[in-house]
Amino acid sequence: MGVRLISAGIGIVIGVTILFLDNVFVYAAAIAFLSAVAVWELTRAIKCDKFPLLRWVCIIFGAVFPVIIILQPLKMLAVPAALAYVLVLALIMLRMHKTVRFEQVLACGAAGGLLPVAMSSLVLLRYSECGKPLGIFTILFVLFCAWFGDSGAYFVGTFLGKHKLCPLISPKKTVEGLVGGVVTVGIVTAITVFVYNTFILTEHQLSYAVLVPFSMLASLVGVVGDLSASVIKREYNVKDFGNIMPGHGGVLDRFDSVIMTAPFLYVLLSFLGGLIYA
């Protein structure tokens, strides 16, 4: 328990520091690091560590692509970089076709391609047209939707859970926990909106009627990420994806919900962002 609390405290201090610096370059560096570690963890979990060249191409792309897609001067390189990535994967498959199967290249390539895009949406949302006036609210919104959903589901499920949600995938998750997590996110969002409307925002006011339902829907999407990670762990007999945070696991263990919640909210607010103001 002591190690768990210490690592959580260190993680919170680092995270809060990055948030309050509120600098796109700092965010880009942080996301690049988290993305590379997440790709490293997932490729190890799915047994791609037997193919170091393939794996390191994916890890390097996982670190580089967030920087390209986040920083405005480099965005024009996003499509060429993605095409180059696919081309390199194809060349590796051709060169190593006797030892590496297509599904292994595909799985490893997906890990190196999808994770950085999902993680990058955290910062893209912050610096989108709808996110700029809100400061760090958009990042807090994403993280709260994912993490308070997990916490609420855990506590409600522990004390009130009776009906199993997906017993073959995650035996401890319950329907009551799912509902509790969604409700918790709605309450936390309402409190956050109240704080922002009362003490921070001066020109605009945020809409409870829009952001609370958005957050609850995002919380449900986060559950998909959580359960997807559980499926991978079960299929490959993995307890934790990593140990970068002792007592908590790896980056993917902490961000499994976020990698679904963040891109979902980015797309949602990109199209409906104008509705969040009262």
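On a predicted model such as this, the values are computed, not experimentally measured, just so you know. (Residues numbered from 1 in each chain as written. Predicted model: local features only at pLDDT ≥ 70, side-chain atom pairs only at ≥ 80, totals over all residues. Heavy atoms only, no water.)

Colleague: Can you break down the side chain of threonine 192 residue by residue, with the values?
Modeller: When you line up the elements, threonine 192 lands in helix α7 (residues 175-200). Those residues in contact with threonine 192 that lie beyond four places of it in its chain are Phe137 and Phe144. (Helix = DSSP H or I, 4+ residues; strand = E, 2+ residues; numbered from the N terminus. Contact = heavy atoms within 4.5 Å.)

Colleague: Run through the pairing of strand β2 (residues 170-174), naming residues and quoting values.
Modeller: Two strands pair when backbone bridges link them, and strand β1 (residues 164-166) and β2 are joined in this way by two bridges, in the antiparallel orientation. Opposite lysine 164, over in β2, you have threonine 174 as the bridge partner. (Pairing = 2+ DSSP bridges.)

Colleague: Which residues make up the nonpolar core, and what values go with them?
Modeller: Of all hydrophobic cores here, the largest spans 72 residues; its most connected members are Leu54, Leu122, Phe137, Leu206, Val258, Leu265 and Ile276. Setting aside residues up to four positions removed in sequence, leucine 265 forms contacts with Leu125, Phe141, Val142, Cys145, Phe214, Ala218 and Ser270. (Core = buried A, V, L, I, M, F, W, Y, C linked by side-chain atoms within 4.5 Å. Buried < 20%, exposed > 50% of the residue type's maximum accessible area, 1.4 Å probe, protein only.)

Colleague: Outline helix α2 (residues 24-45), listing residues and values.
Modeller: Its 22 residues give α2 an end-to-end C-alpha distance of 31 Å, which sits within 8% of 32 Å, the value for a rise of 1.5 Å per residue. Near the N-terminus of α2, the side chain that reaches the backbone nitrogen of phenylalanine 25, with its oxygen 2.8 Å away, is that of asparagine 23. Trailing α2 by a residue or two, lysine 47 shows a phi angle of about 70 degrees, which is positive. (Expected span 1.5 Å × (residues − 1). Polar contact = N/O pair within 3.5 Å; in protein donor to acceptor, adjacent residues only side chain to side chain.)

Colleague: So what's going on with the packing of helix α3 (residues 52-70) against helix α5 (residues 102-126)? Which residues, and what values?
Modeller: Orientation of α3 relative to α5, taken along the N-to-C sense of each, is 25 degrees, at an axis distance of 9 Å. Taken together, the axes of α3 and α5 are roughly parallel relative to one another. Of the two elements, α3 crosses α5, and the hand of that crossing is right-handed. Listed contacts from α5 to Leu54, Arg55, Cys58, Phe61, Gly62, Phe65, Pro66, Ile69 and Ile70 of α3 are Gln104, Val105, Cys108, Gly109, Gly112, Gly113, Pro116, Val117, Ser120, Val123 and Leu124. A class-by-class count of the residues in the contact of α3 with α5 yields 13 nonpolar, six polar and one charged. (Axes fitted to C-alpha atoms, helices over the stretch in contact; angles between N-to-C directions. Parallel < 35°, antiparallel > 145°, perpendicular 65-115°, else oblique. Left-handed = near helix turned anticlockwise from the far one by under 90°. Nonpolar A, V, L, I, M, F, W, Y, C, P; charged D, E, K, R; others polar.)

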